[in-house]
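# Secondary and tertiary structure notes
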Amino acid sequence: MKRYGALSVFLGCALLLSGVVAPFSSAEAKRHHNHGRHHGYYDARRNGWVDYQTGKIIKGGVVGAGIGAGAGLLMDRPVGKTALVGAGIGAGTQAVRYSRTMQRHPIAKTAAYGALAGTGVSAATGKRLGQGALVGGAIGTGLGVLNHF
């Protein structure tokens, strides 16, 4: 019975997050901006705290925290720790994805994705996070070299 309760909490959180995250899609931003309307959230001249790239990174962290908390509930692990690790992995993935430096260096980008995946796997299995990041980074570097040379 405990697993069904954890699953319903996880699905409820996913539904709430999808309702919060969905109105701020990039297609919505482009559509409003292209028709000549200048909304405060999408106007780059306003110099707000959160620009487009930072908003994507924050969104990735929030979604990652939700996934980490759900995984912690389902696997009977500490929910706070798994949510924190999930937030770091989600924000890190989005930061690597939208980084101009990583777009110029595809091998390093693949290595970073591998390190983040290794951290996630080691967090899910209860192993040490550093070793998982090293192994994942090594695998990502090998795949990046094979793919881009």
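Figured I'd write up the structure that's included with this text. (Residues numbered from 1 in each chain as written. Predicted model: local features only at pLDDT ≥ 70, side-chain atom pairs only at ≥ 80, totals over all residues. Heavy atoms only, no water.)

### Some points on helix H3 (residues 52-74)
With 23 residues, H3 extends 33 Å between its outermost C-alpha atoms, agreeing within 8% with the 33 Å of an ideal straight helix rising 1.5 Å per residue. Taken together, the buried positions of H3 are occupied by Gly55, Lys56, Gly60, Gly61, Gly64, Gly66, Gly68, Gly70 and Gly72. Once H3 finishes, Asp76 follows within two positions and takes phi at roughly 55°, a positive value. (Helix = DSSP H or I, 4+ residues; strand = E, 2+ residues; numbered from the N terminus. Expected span 1.5 Å × (residues − 1). Buried < 20%, exposed > 50% of the residue type's maximum accessible area, 1.4 Å probe, protein only.)

### A word on the environment of Arg77
Within the secondary structure, Arg77 sits in the loop between H3 and helix H4 (79-98). For the pair Arg77 and Ala124, spaced 47 residues apart in sequence, the C-alpha to C-alpha distance is 8.8 Å. Setting aside residues up to four positions removed in sequence, Arg77 forms contacts with Gly72, Thr82, Ala123, Ala124, Thr125 and Gly126. (Contact = heavy atoms within 4.5 Å.)

### Points about helix H6 (residues 106-125)
A rise of 1.5 Å per residue sets the reference length of H6, with its 20 residues, at 28 Å; its end C-alpha atoms lie 29 Å apart and thus fit the reference within 8%. Buried residues in H6 make contact with H4, helix H5 (100-104) and helix H7 (129-148). One or two positions beyond H6, positive phi appears at Gly126, with a value near 85°.

### A short note on the packing of H6 against H7
At a minimum axis distance of 6 Å, the contact between H6 and H7 shows a crossing angle of 145°. Between H6 and H7 lies a crossing whose hand is right-handed. On H7, the residues touching Pro106, Ile107, Thr110, Ala111, Gly114, Ala115, Gly118, Thr119, Ser122 and Ala123 of H6 are Leu129, Gly132, Ala133, Gly136, Gly137, Gly140, Thr141, Leu143, Gly144, Val145 and His148. (Axes fitted to C-alpha atoms, helices over the stretch in contact; angles between N-to-C directions. Left-handed = near helix turned anticlockwise from the far one by under 90°.)

### Remarks on the packing of H3 against H4
One can describe the packing of H3 onto H4 by two numbers: an axis separation of 6 Å at closest approach and a directional angle of 150°. For the pair H3 and H4, the crossing hand works out as right-handed. Taken together, the residues of H4 that come into contact with H3 (itself represented by Gln53, Lys56, Ile57, Gly60, Gly61, Gly64, Ala65, Gly68, Ala69, Gly72 and Leu73) are Val79, Thr82, Ala83, Gly86, Ala87, Gly90, Ala91, Gln94, Ala95 and Tyr98. Tallied by class, residues from the contact of H3 with H4 come to ten nonpolar, ten polar and one charged. (Nonpolar A, V, L, I, M, F, W, Y, C, P; charged D, E, K, R; others polar.)

### What about the side chain of Thr119?
By the element assignment, Thr119 lies in helix H6. On the basis of relative accessibility, which here comes to 17%, the residue Thr119 falls in the buried class. A polar contact is formed between the side chain of Thr119 and the backbone oxygen of Ala115, at a distance of 2.8 Å. Those residues within four positions of Thr119 in sequence are excluded, and the remaining contacts are Ile89, Leu129, Gly132 and Ala133. (Polar contact = N/O pair within 3.5 Å; in protein donor to acceptor, adjacent residues only side chain to side chain.)

### Quick look at a nonpolar patch on the surface
Residues Val135, Ile139, Leu143 and Leu146 make up a contiguous nonpolar surface patch of roughly 430 Å² in combined accessible area. On the secondary structure map, Leu143 appears in helix H7. (Patch = residues over 30% accessible without salt bridge, like charges linked within 9 Å, V, L, I, M, F, W, Y side chains within 5 Å. Areas by Shrake-Rupley, 256 points an atom, 1.4 Å probe, with all protein chains shown as cover. Salt bridge = Lys/Arg side-chain N within 4 Å of Asp/Glu carboxyl O.)

Function cannot be read off these values alone, since they describe shape.
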